[in-house]
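Here is what each chain is made of, one letter per residue.
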Amino acid sequence: MKAVALGGGHGLHATLTALRRLTDDITAVVVVADDGGSSGRIRRELDILPLGDLRMALGALAGQENPGPENTLWQRTFEHRFGGHGALAGHAVGNLLLAGLLEVLDDPVAALDQACGLLGVRGRVLPMSTQPVDIEADVTGIFGPEGGDQGRDVAHRIRGQVAVATTPGRVQHVRLDPRRPRACPEACDALRSADVITLGPGSWFSSVLPHLLVPELLNALVESEARKVLVLNLAPQPGETAGFSPEQHLEVLAAHAPRLRLDVVVADTDAVPAPDRLRRGAEAFGADTLLTSIGAPDGSPRHDPEALAEALADAAHHRVDHHDPLGTARPGGTNGIHAAAAPGADPARPHQEEDRRWP
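Residues numbered from 1 in each chain as written. Predicted model: local features only at pLDDT ≥ 70, side-chain atom pairs only at ≥ 80, totals over all residues. Heavy atoms only, no water.

J.: Any chance you could explain the sheet that holds strand β9 (residues 264-268) here in plain terms?
T.: Two modes of strand pairing occur in sheets, parallel and antiparallel, and in both the strands are linked by backbone hydrogen bonds. Ordered by their spatial adjacency, seven strands build an open sheet running β3-β2-β1-β7-β8-β9-β10, and the pairing between neighbours is parallel. Of all the strands in the sheet, the pair left with one neighbour each is β3 (124-127) and β10 (288-292). Averaged over all pairs of adjacent strands, the angle between strand axes in this sheet comes to 20 degrees, irrespective of strand direction. Relative to β3, strand β2 (residues 26-30) is paired through four bridges, and the arrangement is parallel. Paired with A28 across the two strands is V125, which belongs to β3. Contacts from helix α12 (residues 275-283) reach β9 and β10, with the element oriented near 145 degrees to β10. (Pairing = 2+ DSSP bridges. Helix = DSSP H or I, 4+ residues; strand = E, 2+ residues; numbered from the N terminus. Axes fitted to C-alpha atoms, helices over the stretch in contact; angles between N-to-C directions. Contact = heavy atoms within 4.5 Å.)

J.: Just checking my understanding: could you explain unusual backbone geometry for this structure?
T.: Among all residues except glycine, the phi angle is most often negative; among peptide bonds, the trans geometry is most common. Residue D177 is joined to P178 through a cis peptide bond whose omega torsion reads 5 degrees. Among the structural elements, P178 can be located in the loop between β6 (170-177) and α8 (185-193). Although it is not a glycine, D47 sits at a positive phi angle of roughly 55 degrees. As for its placement among the helices and strands, D47 is situated in the loop between α2 (37-46) and α3 (52-61). Positive phi values are uncommon outside glycine, yet D106 reaches one of about 55 degrees. Its location among the elements puts D106 in the loop between α5 (93-105) and α6 (108-119). Judged by relative accessible area, D106 falls into the exposed class, the value being 66%. (Buried < 20%, exposed > 50% of the residue type's maximum accessible area, 1.4 Å probe, protein only.)

J.: Looking at this structure, I do not really get the confidence of the model for the protein. What am I missing?
T.: Low pLDDT means the predicted coordinates in that region are not meant to be read closely. On average, residues of the protein score 83 in pLDDT, and 83% of them reach the 70 mark or higher. Below a pLDDT of 50 lies the segment residues 319-359, which in the model reaches 77 contacts outside its immediate sequence neighbourhood of four places, other chains included. (pLDDT = per-residue confidence, 0-100.)

J.: What should I look at first to understand the pairing of strand β8 (residues 227-231) in this one?
T.: The two faces of the sheet receive side chains in turn, since in a regular strand these alternate between them. For β8, the buried fraction is high: five of the five residues fall into the buried class. Pairing analysis gives four bridges linking strand β7 (residues 196-199) to β8, with the strands arranged parallel. Bridge pairing in β8 links I197 to K228. Direction of pairing for β8 relative to β9: parallel, over a ladder of three bridges. In the strand pairing of β9, V229 is matched with V264.

J.: Whenever I open this one, a nonpolar patch on the surface confuses me. Can you help?
T.: Together, F82, L88 and L96 give the surface a local cluster of nonpolar side chains, amounting to about 220 Å² of exposed area. Tracing the backbone shows L96 in helix α5. (Patch = residues over 30% accessible without salt bridge, like charges linked within 9 Å, V, L, I, M, F, W, Y side chains within 5 Å. Areas by Shrake-Rupley, 256 points an atom, 1.4 Å probe, with all protein chains shown as cover. Salt bridge = Lys/Arg side-chain N within 4 Å of Asp/Glu carboxyl O.)

J.: Explanation requested: α3 in the structure shown.
T.: What sets the pattern is the α-helix's 3.6 residues per turn: residues three or four places apart point alike. The element α3 is extensively covered by neighbouring structure, given that nine of its 10 residues are classed as buried. For α3, the set of buried residues is G52, D53, L54, R55, M56, A57, L58, A60 and L61.

J.: Any chance you could explain the packing of aromatic side chains here in plain terms?
T.: Two aromatic rings, taken as a pair, are described by how far apart their centres are and by the angle between their planes. Using the criterion set out here, one finds one aromatic pair in the structure. Geometrically, the ring pair formed by F205 and F244 is edge-to-face, given 6.2 Å between the ring centres and 85 degrees between the ring planes. Of this pair, F205 sits in helix α9 (residues 204-208) while F244 sits in the loop between β8 and α11 (246-256), placing them 39 residues apart in sequence. Residues F205 and F244 agree in their burial class; the two are buried. (Phe/Tyr/Trp six-rings, centres within 6.5 Å; stacked < 30°, edge-to-face > 60°.)

J.: So what exactly am I meant to see when it comes to the environment of V164 here?
T.: Within the secondary structure layout, V164 lies in helix α7 (residues 161-165). Sequence spacing of V164 and E136 is 28 residues, and the spatial spacing of their C-alpha atoms is 7.6 Å.

J.: Please explain the layout of surface pockets as it appears in this structure.
T.: Looking at the largest pocket, its volume works out to about 900 Å³. Lining the largest pocket are 37 residues, and of these G9, H10, G11, G202 and S203 sit closest to its centre. Where the lining of the largest pocket is concerned, the elements lending two or more residues are α1 (9-19), α2, α3, α7 and α9. Of the residues forming the lining of the largest pocket, the biggest block, six residues, is contributed by α1. Along the lines of polarity and charge, the residues of the lining of the largest pocket split into 11 nonpolar, 20 polar and six charged. (1 Å grid on protein atoms, 1.4 Å probe; cavity = no way out; pocket = protein on both sides within 12 Å on 5 of 7 lines; lining within 4 Å. Points joined across faces, edges and corners; volume = space filled by probe spheres on them. Nonpolar A, V, L, I, M, F, W, Y, C, P; charged D, E, K, R; others polar.)

J.: I tried to follow the sheet that holds strand β5 (residues 155-159) on my own but got confused; where do I start?
T.: In space, the three strands of this open sheet follow the order β5-β4-β6, with antiparallel pairing throughout. The open sheet is flanked by β5 and β6, the only strands paired with a single partner. For this sheet, the mean inter-axis angle between neighbouring strands, taken without regard to orientation, is 25 degrees. The pairing of strand β4 (residues 134-140) with β6 spans seven bridges and is classified as antiparallel. If you follow A137 over to β6, its bridge partner there is V174.

Here it is as structure tokens:
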């Protein structure tokens, strides 16, 4: 199974950690908008791609091919951060190594491929664009003392991934600068040849939506015959999506990418207070809803790798009959590898009745 995962940060790390339990053929397509921490400092000083999310994706896929002591040492060193108070304080070794590779090779894709070989990654990590981008957002309710702008529909523009991810206001819309960045060609090729594509979880406005704002990448996603799976967050993110219901996440997605169609929306049962509303939201994308327990056993808002892997396997192979709300039926009623039923399933039954996780 060829899997492509779109995202960034800890959300993408969770998806990749789950996917590597299912297949070795994984391509991570990573957002390149980070402007904070070590990544932001290196980006501003060297005028190169932000490297932190790329480094995290490499770490999630590392160690599959050569899980020996030497490989483990490289993984640990790659994630090591310098301490102290000097110029290197807070920098991750992996960020510096990637910066060096990028300057020597003058090609971010080649640099990431070399890093994959160093870390024993079976798969690939690619930037969504070979040029760094900035995120701009229209946000309401963030300025003025009580009784001023607070709570009113006064939109203010904020800039930067960190600012968007941590805003105390309500994000209404996001865009990229430059407005139409060039997509990484290899990322577009991976989307078109994939069997399954995952989007999310992660920071909705700053890690999930940016991929859909790169025109060539969105075209490749829309045109791909792969099975498209959206994974929702376990909880709203303080600041960026505070107070959002699961179905509101879908509404935001539809507003930014109305051409997008999905096959399955995966959500944690405990994170969906109104399953019928979520189901209706998913149906607007032509998608089914898979509700199951995918959170960490300790109750923290982290995805459990094994549970998420099982849910992604179900989503990737479960046969679904689609009813396109726009009236344009898909060939055969299915898309990509899900034209065949799951092993052991009755081809005449689009839903297995005994699988109660499928509402």
